[in-house]
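Listed below are the residues making up each chain.
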Amino acid sequence: MERLHRRSREHGLKITPQRTLICQVLLKAKDHPTADDIYQRIVRKIPNISFDTVNRTLITFSKIGLTNVVEGYGQAKRYDPDLDVHHHLRCIQCGLIIDFHHKEYDNLAVPEDIDTQFTVTRKKVVLEGLCGKCRSG
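A brief structural summary. Remember, it's a predicted structure, so these values are computed and weren't measured experimentally. (Residues numbered from 1 in each chain as written. Predicted model: local features only at pLDDT ≥ 70, side-chain atom pairs only at ≥ 80, totals over all residues. Heavy atoms only, no water.)

**So, the packing of aromatic side chains**
For any two aromatic rings, the description comes down to two numbers: the centre-to-centre distance and the angle of the planes. Going by this rule: Note on ring pairs: Phe, Tyr and Trp rings are taken, using the six-membered ring of Trp, and paired if centres are within 6.5 Å. Classes follow the plane angle, with under 30 degrees stacked, over 60 edge-to-face and the rest tilted. Secondary structure counts use DSSP, requiring at least four H or I residues in a row for a helix and at least two E residues in a row for a strand, with both numbered from the N terminus. Think of it in three bands: with a 1.4 Å probe and only protein chains considered, a residue is buried below 20% of the maximum accessible area for its type, exposed above 50%, and partly exposed in between.
According to the stated counting rule, one finds two aromatic pairs in the structure shown. Ring centres of Tyr39 and Phe51 lie 6.0 Å apart, and the angle between their planes is 85 degrees; this geometry places the pair in the edge-to-face category. Of the two residues, Tyr39 is situated in helix H3 (residues 35-42) and Phe51 in helix H4 (residues 51-63); the sequence distance between them amounts to 12 residues. For Tyr39, a relative accessible area of 18% corresponds to the buried category. Looking at Phe51, the relative accessible area reads 37%, which means it is partly exposed.

**Quick notes on H3**
How we decide: Along the arc lie the directions from the helix axis toward the C-beta atoms. Every residue pair with non-hydrogen atoms within 4.5 Å of one another is taken to be in contact.
All buried positions along H3 are accounted for by Ala35, Ile38, Tyr39 and Ile42. Down the axis of H3, the buried set is contained in an arc of 100 degrees. They therefore lie on one face. Residues of H3 that are buried make contact with helix H2 (17-28), H4 and strand E2 (78-80).

**Digging into the pairing of strand E4 (residues 97-100)**
Under the convention used in this document: The pairing criterion for strands is at least two bridges between them, as found by DSSP.
Taken together, the four bridges between strand E3 (residues 87-91) and E4 define a ladder with antiparallel strand orientation. Its bridge partner lying in E4, Arg90 is registered against Ile97. Linking two consecutive strands that pair antiparallel, namely E3 and E4, is a turn of five residues; a positive phi of about 85 degrees is found at Gly95 within it.

**Regarding the side chain of Arg78**
Selection criterion: By the counting rule applied here, Lys and Arg register as positive and Asp and Glu as negative, while His and the ends of each chain are not counted. Any Lys or Arg side-chain nitrogen located within 4 Å of an Asp or Glu carboxyl oxygen qualifies as a salt bridge. The term polar contact refers here to a pair of N or O atoms within 3.5 Å; inside protein, the definition further demands a hydrogen-donor-capable atom paired with an acceptor-capable atom, and it admits residues adjacent in sequence only when both atoms are side-chain atoms.
Looking at the element boundaries, Arg78 is found in strand E2. For the buried residue Arg78, which engages in no salt bridge, the nearest side chain bearing the opposite charge is Asp37, 5.6 Å off. One polar contact links the side chain of Arg78 to the main-chain carbonyl oxygen of Asp31, over a distance of 3.0 Å. Residue contacts for Arg78: discarding those within four places in its chain leaves Asp31, His32, Pro33, Thr34, Asn68, Val69, Val70, Gly95 and Ile97.

Encoded structure:
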C-alpha cells in the first residue's frame, strides 16, 4: 500500500477508499485479473461502485506504474501487480496465465536493427501452449 500512497502523491492523485480497495484486491490477485474480475470482487464490499470506476482506476494504476497490463490477445486486458522481472506462460485454450522466472530470458539482447528504430523499456517473454488441465482434459 506504500507504493499506492507514494505513486499517488507523485502524480497528484487523491487516496480514495475506492482506489485503496481496488489496489488491495489487485495486490492479492495471483490470477492476472481483468477489470471485470476486480469489479466482481469489490462490488460485494462497495455495492454502489461502478465498473467504469474500477476500469478507469486500473488504467490509471497502469499509467502511474502500480500494475502492468497483460495484453489480452483479443480478450479483455488483464492486470499484473507483480512489477518484478518475470515472464508468462499462457494457455491458449483456457487463458490461464502463470508467472515464471528465467535469468536467460531476463537478459535477452535487443537486436541492433530494433535498437536503432525503437527504444525498448521492458522485455517480457510469453510462452504459449496448453496448461496441464487443458492438456489432460
